[in-house]
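One-letter residues, chain by chain:
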Amino acid sequence: MKNKKGLAILMRTRMKTSTDPSRLPLLPLTGKVNQMLTDAKGNAFDTSVPQAAAEEAQGPTKLNPPADSTSYRDFDAVRESMHSAISLNKAEVLDVVLDDFSEGYFSLSFENRRKLLITLAQVYDLNRAQVRDLIKQYLGLELPGGNASESSTVDEEAMLSCFYRVERNLRQVLKPAYEVLFERLNNRPGGLKFLSIFRADVLSILAEENIASLRALDSYLKEKLNTWLSPAALELHQITWDDPASLLEKIVAYEAVHPISNLLDLKRRLGVGRRCFGYLHPAIRGEPLIFIEVALLRNVAQTIQEVLWDTPPIPESEATCALFYSISSTQPGLAGINLGKFLIKRVIKLVKREMPHISTFATISPIPGYMQWLLSKLASQSILAEVENMSPSSSSGSVSTFRENILEPEEEKLLLSCSEESFPGKSGMDVMLKLLTSTKFEWISSPELLSALKPPLMRLCARYLLEEKKRGKALDSVANFHLQNGAMIERINWMADRSEKGLRQSGGIMVNYIYRVERIDECAHSYFSTGHIHASNDIRRYTLVIYSHKDQKITLPCSN
């Protein structure tokens, strides 16, 4: 058994910390910082010290050099090393230059990192004057004719040679100069990790300001990372308790869905009746790029407590369901690169091969965007209702157009009656908004309020998952992830996650997605091409009933 002392220290330190689990730090991982373990909740731990402070930030690491520090590099010096890393060609010098640039980049302050990235995107972009000249040449070439004589064949060969030459030159000038930097970094030890952190900084800046040149750089780097991280380059590894403590520390640190509470919890997740698989890349040793946790069960779980509680696991030979209950990415800079798609498919194949008695592959998944969508809907409708009630005779057409009562009459009556003392309101929507925005979540302790809230929350959740779209795809990020991977929506589960996070994100509701092996490709294709969401009869039964301001009932059937 490998030494788990460092892991125990990490767990104790982690349990003392209270931060937002949705935000990931962007930290340099060079030199001493390579030994640093970055907590997915925004904390950084070094194995040699109790705790190292880290900015909890969605943006770049905001490092500001102390006045007496000599470890921070001058911006111009780092910019020069970046230029040398792009322009020099001597192999014996390149390694030194690339080392100098990467160390210099991580030493820069927040503002100087931003300046450097914008400089790279704008100064080392492609040469558009050359592109225009070559396009003019290309358009001036005469297309080969259709004559079959010997002389015309010779002429056509000459013309085609001109086309090939200009096309080759076009391909070259359409490559920005910063591609050289990306390629050279990727070909050296630690380079892929650097590029991942590098892109995380780019994404963070773009989240705050839309800079066209930087967006083009991000698109180009994303394409490169997609190529370098192809499934053929990734190793599927089953993570067990016997793995090195340094690897297990990464699992604890990066678990983003259901935080690991202690060593016993970690050991249970890696023990009998459980599996954990990760994608490793040879260029980032000892650290999974993404990992997935699996529970072997008799049936598809309806609550996360069935998976995480310390109840004895069933014998693995009795399991018929492999339940994916957590999938976490460890690299913010790989956002948009769907490693999870390949991971899930490979895990399904592996489990089917090793355990033929497993016939069902499903998830118990959060619905992270549901409550945000619902509260926004309730707030806007409450305001529109108030405006309409204040001046019913002169209500504008725009108010009428957007007005809808998202509660059924029976739901409205029940909410008003059971909350008139503790949460009085002018309407059912007003009451519902007060209940769901209460930070103490009093409603989960009241059988009457739970009973009143369940029908509308379940019905509206089905509407959210099936009908609410963004650019033709599911609005919810987790739903979009599983649907594009070929899953279908099987069931929504009431009070499946009673944790504060679960109540805040989705009112405690969770959803089961099913991966039907024989239909994965079909479901994925129809979702990609038309946005069609495959759902079970259990989901279809939630009919969407909307009441307009004139109490006209409109029934919209759920998606098939």
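Remember, it's a predicted structure, so these values are computed and weren't measured experimentally.

All right, on to the overall build of the protein then. Regarding its fold elements, the protein presents 22 helices and 14 strands. Counting all 560 residues of the protein, 51% fall into the buried class. Within the protein, contacts between residues at least 6 apart in sequence are counted, and of these 71% link residues at least 24 apart. For the protein, the exposed area adds up to about 27000 Å²; of that, 52% sits on carbon and sulfur atoms.

Our focus in this paragraph is the packing of helix 3 (residues 91-107) against helix 8 (residues 191-208). Orientation of helix 3 relative to helix 8, taken along the N-to-C sense of each, is 35°, at an axis distance of 12 Å. The two elements helix 3 and helix 8 meet at a crossing, and its hand is left-handed. Across the interface between the two elements, Phe101, Ser102, Tyr105 and Phe106 of helix 3 pack against Phe194, Ile197, Phe198 and Asp201 of helix 8.

With that out of the way, let us pick up the packing of aromatic side chains. For the structure on display, the rule yields 15 aromatic pairs. Pairing Tyr178 with Phe182 gives two aromatic rings, centres 5.5 Å apart and planes at 45°, and the pair type is tilted. With a gap of four residues between them, Tyr178 and Phe182 both fall in helix 7 (residues 178-186), about one helical turn apart. Ring centres of Tyr370 and Trp373 lie 6.2 Å apart, and the angle between their planes is 25°; this geometry places the pair in the stacked category. Here the residue Tyr370 and the residue Trp373 both occupy positions in helix 14 (residues 370-390), the gap between them amounting to three residues, near one helical turn. For the pair Tyr370 and Trp373, one class covers both residues: buried. Through a chain of ring-to-ring contacts, the aromatic side chains of Phe101, Tyr105, Phe106, Tyr178, Phe182, Phe194, Phe198 and Tyr220 assemble into a single cluster. It is Lys115 that lies over the ring of Phe75; its NZ or CZ is 4.4 Å from the centre.

Here the focus is the side chain of Arg268. Relative to the assigned elements, Arg268 resides in helix 11 (residues 263-269). Taking the relative accessible area as the measure of exposure, Arg268 reaches 18% and is therefore buried. Excluding residues within four positions of it along the chain, Arg268 makes contact with Arg274, Val307, Leu308, Trp309, Asp310 and Thr311.

Right, let's get into the nonpolar core. Among the nonpolar cores identified, the biggest contains 114 residues, and Tyr370, Leu374 and Trp443 are the most heavily contacted of them. It is helix 18 (residues 447-467) that provides the largest number of residues to this core, a total of twelve residues. When neighbours within four sequence positions are excluded, Tyr370 is seen to be in contact with Pro456, Leu457, Leu460, Cys461, Tyr464, Asp476, Gln505, Ser506 and Ile509.

A few words on helix 19 (residues 477-484). In terms of residue burial, helix 19 counts as a mostly covered element, since six of its eight residues are buried. All of the buried residues in helix 19 are Val478, Ala479, Phe481, His482, Leu483 and Gln484. Residue Asp476 occupies the N-cap position of helix 19, its side-chain oxygen lying 3.3 Å from the main-chain nitrogen of Val478. Just past helix 19, the residue Gly486 takes up positive phi, approximately 105°.

Moving on to unusual backbone geometry. Glycine aside, negative phi is the norm for most residues, and most peptide bonds take the trans geometry. The backbone of Arg471 shows a phi angle near 55°, a positive value even though the residue is not glycine. Looking at the element boundaries, Arg471 is found in the loop between strand 9 (469-470) and strand 10 (473-474). Of note, the phi angle at Met495 is positive, near 50°, even though the residue is not glycine. Along the polypeptide, Met495 turns up in the loop between strand 11 (488-493) and helix 20 (500-506).

Let us now look at helix 5 (residues 128-140). Owing to its 3.6 residues per turn, the α-helix aligns residues three or four sequence positions apart on the same side. Given a rise of 1.5 Å per residue, 13 residues ought to cover 18 Å, and the 18 Å separating the end C-alpha atoms of helix 5 matches this to within 8%. Residue Asn127 occupies the N-cap position of helix 5, its side-chain oxygen lying 3.1 Å from the main-chain nitrogen of Ala129.

Going through the model one piece at a time under the given rule, you end up with 23 salt bridges. The salt bridge partner of Arg188 is Asp99, with a shortest N-O separation of 2.3 Å. Within this pair, whereas Arg188 is found in the loop between helix 7 and helix 8, its partner Asp99 is found in helix 3, the two being separated by 89 residues in sequence. Of the residues examined, Arg188 reaches a relative accessible area of 14% and is grouped as buried. The class for Asp99 is partly exposed, based on a relative accessible area of 33%.

Turning our eyes to something else, we now look at the pairing of strand 12 (residues 510-514). With five of its five residues buried, strand 12 lies for the most part within the structure. Across the two faces of strand 12 the burial is the same, with Met510, Asn512 and Ile514 and Val511 and Tyr513 all buried. Of the strand pairs in this sheet, strand 11 and strand 12 are connected by five bridges, and their pairing is antiparallel. Opposite Ile492, over in strand 12, you have Val511 as the bridge partner.

Looking at the protein, the pLDDT average stands at 83 and 80% of residues meet or exceed 70. Low pLDDT, under 50, characterises residues 544-560; the stretch is placed with 49 contacts to residues that sit more than four places away or in other chains.

What follows concerns the pairing of strand 5 (residues 290-297). Look at any regular strand and the pattern is simple: side chains alternate between the two faces of the sheet. The buried fraction of strand 5 is high, at eight of eight residues. Judged by which residues are buried, strand 5 turns out to be covered on both faces: Ile290, Ile292, Val294 and Leu296 on one side and Phe291, Glu293, Ala295 and Leu297 on the other are all buried. As paired elements, strand 4 (residues 274-280) and strand 5 share six bridges and run antiparallel to each other. Looking across to strand 5, one finds that Gly278 is bridged to Phe291. Here strand 5 runs beside strand 6 (residues 321-329); their pairing, made up of eight bridges, is antiparallel. Across the sheet, Val294 pairs through a bridge with Phe324, a residue of strand 6.

Let's shift gears to the environment of Leu143. For Leu143, the position within the fold is in the loop between helix 5 and helix 6 (150-173). When the C-alpha positions of Leu143 and Met159 are compared, they lie 7.4 Å apart, and in sequence the two are 16 residues distant. In this structure Leu143 touches Met159 and Phe163, once residues within four positions along its chain are discounted.

For the rest of this paragraph, the subject is the environment of Ser422. As for its placement among the helices and strands, Ser422 is situated in the loop between helix 16 (409-419) and helix 17 (428-437). Overall, the relative accessible area of 48% leaves Ser422 in the partly exposed class.

Cut-offs applied
- Residues numbered from 1 in each chain as written.
- Predicted model: local features only at pLDDT ≥ 70, side-chain atom pairs only at ≥ 80, totals over all residues.
- Heavy atoms only, no water.
- Helix = DSSP H or I, 4+ residues; strand = E, 2+ residues; numbered from the N terminus.
- Buried < 20%, exposed > 50% of the residue type's maximum accessible area, 1.4 Å probe, protein only.
- Contact = heavy atoms within 4.5 Å.
- Areas by Shrake-Rupley, 256 points an atom, 1.4 Å probe, with all protein chains shown as cover.
- Axes fitted to C-alpha atoms, helices over the stretch in contact; angles between N-to-C directions.
- Left-handed = near helix turned anticlockwise from the far one by under 90°.
- Phe/Tyr/Trp six-rings, centres within 6.5 Å; stacked < 30°, edge-to-face > 60°.
- Lys NZ or Arg CZ within 6 Å of the ring centre and 35° of its normal.
- Core = buried A, V, L, I, M, F, W, Y, C linked by side-chain atoms within 4.5 Å.
- Polar contact = N/O pair within 3.5 Å; in protein donor to acceptor, adjacent residues only side chain to side chain.
- Expected span 1.5 Å × (residues − 1).
- Salt bridge = Lys/Arg side-chain N within 4 Å of Asp/Glu carboxyl O.
- Pairing = 2+ DSSP bridges.
- pLDDT = per-residue confidence, 0-100.

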